[in-house]
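Each chain is listed here by its residues.
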2 protein chains.
Amino acid sequence: MIKVVIIGYGNVGVHIAQAFEQNEGIDLIQVYSRNKKTLASCPLHFATTCLLTTLKEADVYIVAVPDNAIETISKALPFKNKLIAHTSGSVALKTMDSKNRRGVWYPLQTFSKAKSVSFSKIPICVEAENEEDQMVLKTLGTLVSTSVQLITSEQRASIHLAAVFANNFSNHMYHIASQILEKKGVDFSILRPLIKETAHKINTLAPSEAQTGPAMREDSNTIKNHLELLEQEDHKKLYTFITQSIKHNTSQ
Amino acid sequence: MIKVVIIGYGNVGVHIAQAFEQNEGIDLIQVYSRNKKTLASCPLHFATTCLLTTLKEADVYIVAVPDNAIETISKALPFKNKLIAHTSGSVALKTMDSKNRRGVWYPLQTFSKAKSVSFSKIPICVEAENEEDQMVLKTLGTLVSTSVQLITSEQRASIHLAAVFANNFSNHMYHIASQILEKKGVDFSILRPLIKETAHKINTLAPSEAQTGPAMREDSNTIKNHLELLEQEDHKKLYTFITQSIKHNTSQ
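What you see is a predicted model; the values in this text were computed from it and never measured.

Draft legend 1. Structural detail: the sheet that holds strand S8 (residues 148–150) of chain B. Residue and element names in this part refer to chain B. Within the open sheet, the eight strands sit side by side as S3-S2-S1-S4-S5-S6-S7-S8. Their pairing is mixed. For this open sheet the edge positions go to strand S3 (48–49) and S8, each flanked by a neighbour on one side alone. One ladder, built from five bridges, connects strand S6 (residues 101–107) with strand S7 (residues 124–128); its direction is antiparallel. Bridged to proline 107 within S7 is isoleucine 124. Contacts between helix H4 (residues 131–144) and the sheet are confined to strand S1 (2–7), strand S2 (26–32), strand S4 (60–63), strand S5 (83–86), S6, S7 and S8, with S7 contributing the most and set at about 165° to the helix.

Shown next as structure tokens:
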């Protein structure tokens, strides 16, 4: 059994705690949150604390705090030479205080408190300063997921950037679509099968092969009509730039 | 049995023909393509022709040709007072020649020849000039799909525009993500669970509720790092505009 303490109980910490507490190979011995109320509001099956000085002895400390708090909390930990691993896509390993053995355990997924997710297929990107710690973090990964990879800080930064395009920016495209439909009294649900198929297609086709639509076929008449239909200036601007980018890519 | 002739055997025509020929309520009596080779290359189970003058008698003629060919082919049809329905999201019903009874039968989905799709959940947007024809087109819809709706030309234009954001533009975000990963030697498949979850989330959350990421939480440090990481100017530009648009939306 790997003994784990989770530091931070926000969006990511909550989901990791759920995955860990159900796992037979993991002993989730404690969860820390600086916010007493957060911990008090949940029906939890593990010990909790809101004092760093009362952190228990563990094999791994998973640091699931906001990116800009990682450095500070790593300095505030009241111990040294332990394995601590943050869960961020964009923060370099070396940002953490070197008084402890540093690692990264980054689950590449989008987490909302309102929606539970299965960890079994989430890619876990692992990094550590020595092989032994790498092995512990990899083992912790394989206990909850079938997809665990050693990833450097440099690669991870690019994966996180790519994830912003694939997740946040795609989701914003859905949002603009929902705004366009709302104005005509059409329910957003009419787009759900299309969105599902768009995401499904790239399991078998590269995104460039899967592309269709007016930009791809350089259908200037439809593009002109669409720009006339769009009412918001920022939507017109986005339509124009993304269309140019698709055309540019097609003509390469 | 509804007797159907399909005019056009491109991306959309091929998929409609597949759905119709397997359906017990539909008699697919003929498919027209101006291109003899297209028809000759497929193992087809229905009659074909490449001459408009040899089109057979049918209850509905489904016009599945490119948008810019719909008007021309509607004029070239050698008959009148028949029910003809095009399959385009962006072309108004009145674009077709009025010598025939005009309708629209628009399956809201993305079709690639390389990938088969199930019609059962594809929303079919139906429009016609009289109630009887509406009923025929609705029946044709319900034979292959559980989601059939009467949609005006004006609504359909907005649905098509929304679909470009939700499908083509999302897919372009996946493409940029794949380019970013490629430069660091990371396989695109690492993003597949994230893309699947992003699309899945909007079954239970509105896109605005599902949004996360640096733009949403106004994390200027990560945004700055991402812009430094991006190498292509058009990617930087897109990142900046989409981030602004997400922020603008969040602050509303």
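Draft legend 2. Fine view of the interface of chain B and chain A. Listed per partner, the contact involves 84 residues of chain B and 85 residues of chain A. Carbon and sulfur atoms supply 67% of the area buried between chain B and chain A, which totals about 8100 Å² over both sides. Linking chain B with chain A are four salt bridges. Residue Asp67(B) pairs with Arg217(A) through a salt bridge whose shortest N-O separation is 3.8 Å. Inspection of the region where chain B meets chain A yields 25 residue pairs in polar contact (both at pLDDT 80 or more). Where the side of chain B that touches chain A is concerned, the elements lending two or more residues are helix H5 (153–183), helix H6 (192–201), helix H7 (207–210), helix H8 (220–229) and helix H9 (233–250) of chain B. Here the side of chain B that touches chain A takes 27 residues from H5(B), the largest share from any one element.

Draft legend 3. Representation of the pattern of salt bridges in the model. Enumeration according to the criterion identifies 20 salt bridges over all chains in this entry. The salt bridge partner of Glu228(A) is Lys224(A), with a shortest N-O separation of 3.8 Å. Of this pair, Glu228(A) and Lys224(A) both sit in helix H8 (residues 220–229), four residues apart, which is roughly one turn of that helix. Using a relative accessible area of 55% as the deciding quantity, one classes Glu228(A) as exposed. Looking at Lys224(A), the relative accessible area reads 47%, which means it is partly exposed. Within this structure, Asp67(A), Arg217(B) and Asp219(B) form a network of salt bridges that share partners.

Draft legend 4. Summary view of H6(B). Of all the positions in H6(B), only Leu194(B), Ile195(B), Glu197(B), Thr198(B), Ala199(B) and Lys201(B) are classed as buried. If you follow the buried residues of H6(B), they end up packed against helix H5 (153–183) and helix H6 (192–201) of chain A together with H5 and H7 of chain B.

Conventions adopted
Residues numbered from 1 in each chain as written. Chains lettered and ligands numbered in written order. Predicted model: local features only at pLDDT ≥ 70, side-chain atom pairs only at ≥ 80, totals over all residues. Heavy atoms only, no water. Pairing = 2+ DSSP bridges. Helix = DSSP H or I, 4+ residues; strand = E, 2+ residues; numbered from the N terminus. Contact = heavy atoms within 4.5 Å. Axes fitted to C-alpha atoms, helices over the stretch in contact; angles between N-to-C directions. Buried area = accessible area lost by both parts, 1.4 Å probe. Salt bridge = Lys/Arg side-chain N within 4 Å of Asp/Glu carboxyl O. Polar contact = N/O pair within 3.5 Å; in protein donor to acceptor, adjacent residues only side chain to side chain. Buried < 20%, exposed > 50% of the residue type's maximum accessible area, 1.4 Å probe, protein only.

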